[in-house]
Structure formats: C-alpha cells, structure tokens
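Overview (structure and organization)
As a plain string of letters, each chain reads:
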Amino acid sequence: QNKRVLGLDRDGRLLMTLGSLVTIANEAPKNLIHFLCENGSYEANGGHPIPGAGVVSFADIAKAAGYPKTYEFGDLEVFESEIGRILQEEGPIFVDLKVQQGERYPVDYDNLHSAERRRAFKEALDAIR
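A brief report on the enclosed structure follows. (Residues numbered from 1 in each chain as written. Predicted model: local features only at pLDDT ≥ 70, side-chain atom pairs only at ≥ 80, totals over all residues. Heavy atoms only, no water.)

1. Focus on the environment of Cys 37
Here is the rule: Helix and strand assignments come from DSSP, with helices taken as H or I runs of at least 4 residues and strands as E runs of at least 2, each series counted from the N terminus. Under the scheme applied here, a residue whose accessible area is under 20% of the maximum for its type counts as buried, over 50% as exposed, and between as partly exposed, the area being computed with a 1.4 Å probe on protein chains only. By definition in these notes, contact holds between two residues if any of their heavy atoms fall within 4.5 Å.
Among the structural elements, Cys 37 can be located in strand 2 (residues 32-38). Its relative accessible area of 31% is what places Cys 37 among the partly exposed residues. Linking Cys 37 and Lys 98, residues 61 residues apart in sequence, is a C-alpha distance of 6.2 Å. For Cys 37, the residues in contact, after removing those within four places along its chain, are Asp 9, Arg 10, Asp 11, Leu 97 and Val 99.

Here it is as structure tokens:
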C-alpha cells in the first residue's frame, strides 16, 4: 500500500450506489482518496438534475457511512491551498468538489444502442481477455 489511490466519482453515479460508501469505509483503505465531482446532474444521460441537488450533502453521507475524514470544496483557490495536505493524510478520505455542469452535448441513442456498437464492444472485450 505504498501507492496513493485516487478515485474519481460523479454525484449521479454515487447517488445510485450509496452502499459503496459503506463498503469502502468498512474496508478502510489507508491509501484511498475518493473524489466526487458534484454538479447536481446525471450529466452522462442528458444533464437531468439529480434528486436533492444542492440540498444533499455527500460529505455528510460519507461521514455517516464511516469515512473518518471528509471535505467539501466549492472554491478552487481553497481547494488548491488544501490539496497538498489532504494528499498526505491517511485514508479513506472523501473529497466533494462542487463543479459546474458541462455543456450539453448531443446524445445519439440510436447509435449508442445499435447492434454495430454492441458487436464492437464485445470484440473489444474479447481482445483484452
């Protein structure tokens, strides 16, 4: 466990798998820093707002799940001044980064769910086995 593990997460994904926080806290990996990019939306599927956006405190949920240290940052300058110290702390650590939602991008669901895409995905999986 000499290497620091930095996990990058999204609020929409974490909201759907809150049990992962309890599992991580229970395992208590001392080298893990779990970063959450919180923009209040399910950005990957069209930018729909998550339930409780702006109200839910993911840091509080992580603390209640058993993370010994949690942080929230909404100011980039404050984050920049604190990250060096946080990177030296023993984990597991949860860091909630309040970020802005990205620009909406076109989603072509017909293409994404096409037989050709499924075939290409299966071939890519087969190639790494």
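2. A short note on the sheet that holds strand 6 (residues 93-98)
The strands that make up a sheet are held in pairs by hydrogen bonds between backbone atoms, and each pair lies either parallel or antiparallel. Rules: Strands pair, by our definition, only if DSSP identifies at least two bridges between them. Helix axes are fitted to C-alpha atoms over the stretch in contact, other axes to C-alpha atoms as well, and angles between N-to-C directions run from 0 to 180 degrees.
Taken together, the four strands give an open sheet; going across it, the order is 1-2-6-5, and neighbouring strands pair in parallel fashion. In this open sheet, the two edge strands, each paired with only one partner strand, are strand 1 (5-10) and strand 5 (69-73). Within this sheet the neighbouring strands show an average axis-to-axis angle of 20°, counted without direction. Of the pairings in the sheet, the one linking strand 1 to strand 2 comprises six bridges and is parallel in character. Bridging across to strand 2, Asp 9 finds its partner in Leu 36. Sheet contacts for helix 3 (residues 58-65): strand 2, strand 5 and strand 6; angle to strand 5, the most-contacted strand, approximately 180°.

3. Quick notes on the packing of aromatic side chains
Selection rule: Under the pairing criterion, centres of Phe, Tyr and Trp rings, with the six-membered ring standing for Trp, must be within 6.5 Å; the plane angle then separates stacked pairs below 30 degrees from edge-to-face pairs above 60, leaving the rest tilted.
In total, this model carries three aromatic pairs according to the counting rule given. Consider the rings of Phe 73 and Phe 79, whose centres lie 5.3 Å apart with planes at 65°: the pair is edge-to-face. For Phe 73, a relative accessible area of 7% gives the class buried. Overall, Phe 79 belongs to the buried group, its relative accessible area being 17%. Within the aromatic cluster, the residues linked to one another by ring pairs are Tyr 71, Phe 73 and Phe 79.

4. Here's the deal with the pattern of salt bridges
Test applied: Here, a salt bridge means any side-chain nitrogen of Lys or Arg that lies within 4 Å of a carboxyl oxygen of Asp or Glu.
If you walk through the whole model with that rule in mind, you get ten salt bridges. The residue Lys 98 makes a salt bridge to Glu 38 at a minimum N-O spacing of 2.8 Å. Residue Lys 98 is located in strand 6, and its partner Glu 38 is located in strand 2; the two are separated by 60 residues in the primary sequence. Judged by relative accessible area, which is 8%, Glu 38 ranks as buried. Taking the shortest distance from any N to any O, the salt bridge between Glu 72 and Lys 98 comes out at 3.3 Å. With Glu 72 in strand 5 and Lys 98 in strand 6, this pair connects stretches of sequence that are 26 residues apart. When salt bridges that share partners are traced, they join Glu 38, Glu 72, Asp 96 and Lys 98 into one network.

5. Some points on unusual backbone geometry
Between Gly 91 and Pro 92 the backbone carries a cis peptide bond, its omega angle lying at 0°. Considering the arrangement of structural elements, one finds Pro 92 in the loop between helix 4 (76-88) and strand 6. Residue Ala 28 is not a glycine yet carries a positive backbone phi of 50°. Looking at where Ala 28 falls in the secondary structure, it is placed in the loop between helix 2 (19-27) and strand 2.

So far we have only geometry, and geometry alone does not tell us how the molecule works.
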